[in-house]
Amino acid sequence: MKKIVILLVCGLLWAGVLNAQQTQYMVFEFIKVEKDHLFDYIEFKDLMEKVYRQALNDKRIKAWDFWSLQNGADEGDFQYIMVTTYDDPVKMMNGLDDESMMEYTKIAYPHLTGNQVATLFEQSLSMRDMPMRLYMMEIVSTDDSFQFKPGALASFDLMKAVEGKFQEYEKAEIEVFRPIHQKRIEQGLMGHWSFLRTALPQGSEAKSTHLTLNMYKDYMQFFNAQAYEDLSQTAEQRKAVNEGLNSRDQKWVYLATLENVVR
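How each quantity is defined
- Residues numbered from 1 in each chain as written.
- Predicted model: local features only at pLDDT ≥ 70, side-chain atom pairs only at ≥ 80, totals over all residues.
- Heavy atoms only, no water.
- Core = buried A, V, L, I, M, F, W, Y, C linked by side-chain atoms within 4.5 Å.
- Buried < 20%, exposed > 50% of the residue type's maximum accessible area, 1.4 Å probe, protein only.
- Helix = DSSP H or I, 4+ residues; strand = E, 2+ residues; numbered from the N terminus.
- Contact = heavy atoms within 4.5 Å.
- Axes fitted to C-alpha atoms, helices over the stretch in contact; angles between N-to-C directions.
- Parallel < 35°, antiparallel > 145°, perpendicular 65-115°, else oblique.
- Left-handed = near helix turned anticlockwise from the far one by under 90°.
- Nonpolar A, V, L, I, M, F, W, Y, C, P; charged D, E, K, R; others polar.
- Polar contact = N/O pair within 3.5 Å; in protein donor to acceptor, adjacent residues only side chain to side chain.
- Phe/Tyr/Trp six-rings, centres within 6.5 Å; stacked < 30°, edge-to-face > 60°.
- Pairing = 2+ DSSP bridges.
- 1 Å grid on protein atoms, 1.4 Å probe; cavity = no way out; pocket = protein on both sides within 12 Å on 5 of 7 lines; lining within 4 Å.
- Points joined across faces, edges and corners; volume = space filled by probe spheres on them.
- Patch = residues over 30% accessible without salt bridge, like charges linked within 9 Å, V, L, I, M, F, W, Y side chains within 5 Å.
- Areas by Shrake-Rupley, 256 points an atom, 1.4 Å probe, with all protein chains shown as cover.
- Salt bridge = Lys/Arg side-chain N within 4 Å of Asp/Glu carboxyl O.
- Lys, Arg positive; Asp, Glu negative; His and termini not counted.
- Charge placed at Lys NZ, Arg CZ, Asp CG, Glu CD.

Named according to an unreviewed UniProt entry, the chain is NIPSNAP protein originating from Algoriphagus oliviformis.

Trainee: Can you tell me about the nonpolar core, naming the residues and giving the values?
Mentor: Most often, soluble globular proteins have nonpolar side chains that are buried together. In terms of nonpolar packing, the biggest core is built from 28 residues, with Tyr41, Met48, Tyr52, Ile61 and Trp64 touching the most fellow members. Breaking this core down by element, the ones donating at least two residues are strand S1 (25-33), helix H2 (38-57), strand S2 (63-71), strand S3 (80-86), helix H4 (98-108) and helix H5 (114-126). Broken down by element, the residue count for this core peaks at eight residues, all from H2. Once residues within four sequence positions are removed from consideration, Ile61 is found in contact with Tyr52, Ala55, Leu56, Thr84, Thr85, Tyr86 and Leu96.

Trainee: Could you give me a rundown of the packing of H4 against H5, with the residues and numbers involved?
Mentor: Here H4 crosses H5 at 120 degrees, and the two axes come no closer than 10 Å. In terms of axis orientation, H4 runs oblique to H5. With respect to the hand of their crossing, H4 and H5 are arranged in right-handed fashion. Along the contact surface, H4 presents Met101, Met102, Thr105 and Lys106, while H5 presents Gly114, Val117, Ala118 and Phe121. Taken together, the residues of the contact of H4 with H5 sort by class into five nonpolar, two polar and one charged.

Trainee: Can you break down the side chain of His192 residue by residue, with the values?
Mentor: Here His192 lies in strand S6 (residues 192-198). Using a relative accessible area of 12% as the deciding quantity, one classes His192 as buried. Here the side chain of His192 touches Asp144 through a polar contact of 2.8 Å, side chain to side chain. Setting aside anything within four residues of it in sequence, one finds His192 in contact with Ser141, Thr142, Asp144, Phe146, Ile185, Leu213, Asn214 and Met215.

Trainee: Can you break down the packing of aromatic side chains residue by residue, with the values?
Mentor: For the structure shown, the criterion picks out 14 aromatic pairs. Between the aromatic rings of Tyr219 and Phe223, the centroid separation amounts to 5.9 Å while the plane-to-plane angle is 20 degrees, which identifies the pairing as stacked. With Tyr219 and Phe223 both in helix H7 (residues 219-227) and four residues apart, this pair spans about one turn of that helix. Relative accessible area serves as the criterion here: at 37%, Tyr219 is assigned to the partly exposed category.

Trainee: Talk me through the pairing of strand S4 (residues 128-141); I want residue IDs and the actual numbers.
Mentor: Every other side chain in a regular strand lies on the same face of the sheet, so the side chains alternate between the two faces. When S1 meets S4, the two strands line up antiparallel, connected through eight bridges. Residue Val27 lies in a different strand from S4, and its bridge partner there is Tyr135. By the bridge criterion, five bridges tie S4 to S6 in an arrangement that is antiparallel. By the bridge assignment, Val140 is partnered in S6 with Phe195.

Trainee: With reference to specific residues and values, describe the layout of surface pockets.
Mentor: Its boundaries defined by the atoms lining it, the largest pocket holds a volume of some 780 Å³. Contributing to the lining of the largest pocket are 30 residues, with Phe177, Ile180, His181, Arg184 and Val241 lying nearest its centre. Looking at which element gives the most residues to the lining of the largest pocket, the answer is helix H6 (residues 166-186), with eight residues. Split into classes, the residues belonging to the lining of the largest pocket amount to 14 nonpolar, nine polar and seven charged. When its volume is computed, the second largest pocket comes out at roughly 570 Å³. What lines the second largest pocket is a set of 27 residues, among which Gln22, Gln24, Glu138, Ser141 and His192 lie closest to the centre.

Trainee: I'd like a description of the environment of Val262, backed by residues and values.
Mentor: Note on placement: Val262 falls in strand S8 (residues 248-262). Between the alpha carbons of Val262 and Met48 there is a distance of 9.9 Å; along the sequence they are 214 residues apart.

Trainee: Tell me about a negative patch on the surface, and name the residues and values.
Mentor: Side chains of Glu34, Asp36, Asp40, Glu43 and Asp129 sit close together on the surface and give a patch of like negative charge. Residue placement: Glu34 occurs in the loop between S1 and H2. Take Glu34: its relative accessible area is 46%, and that puts it in the partly exposed class.

This is the structure in structure tokens:
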């Protein structure tokens, strides 16, 4: 009997360790490209997919996604969002330095010389601007088997917790909104949902403190979800939803289509 109890305790502890290890850290890079460089940048992002695949093989990253924006705060601000996922906060903060990027490029394109690789990166840096970069840590997500494939749709919702309601807002996302999104997934109205908090300390003037990701397999699923109204909600549930909404300010919503995937 003692052996069984010990095994159960060890199993719970191991499960806790695994859960801690599964925490995801993500860098969101909002990219602006001048109009006369858009075609060149399309070629560059395809090159980046091969480079980040080498980084994945080397276990430097966990995933890399490249999204094309459909709308946002101002259509002129950004055209793309690049999301790099890590399994460790230190890896996230260190990122991939230029030297590593060039080494991975040489592996992905063995026919290029060192000078050609250096020129390629200089050209790419000159054609893009990254006016916003977010370092985030995933707090909770839905249980699903969503497949990240080109053509998938997502909304990146930037939130700011109301001053004095930080914990109240996080509790609402975890206890109120997560079950709602989980139900939608089970009904085939959504693919995936996750809730993230900024991983770096920020002051009261920060534009956002959290981010929610809403994933859909295509536009059909997205529009079906927008038209859906849950008539089974009780008065108590509606109250909880309204209280959750009042604990945060939805700053911007960016709708984007997945173009390149490394997983």
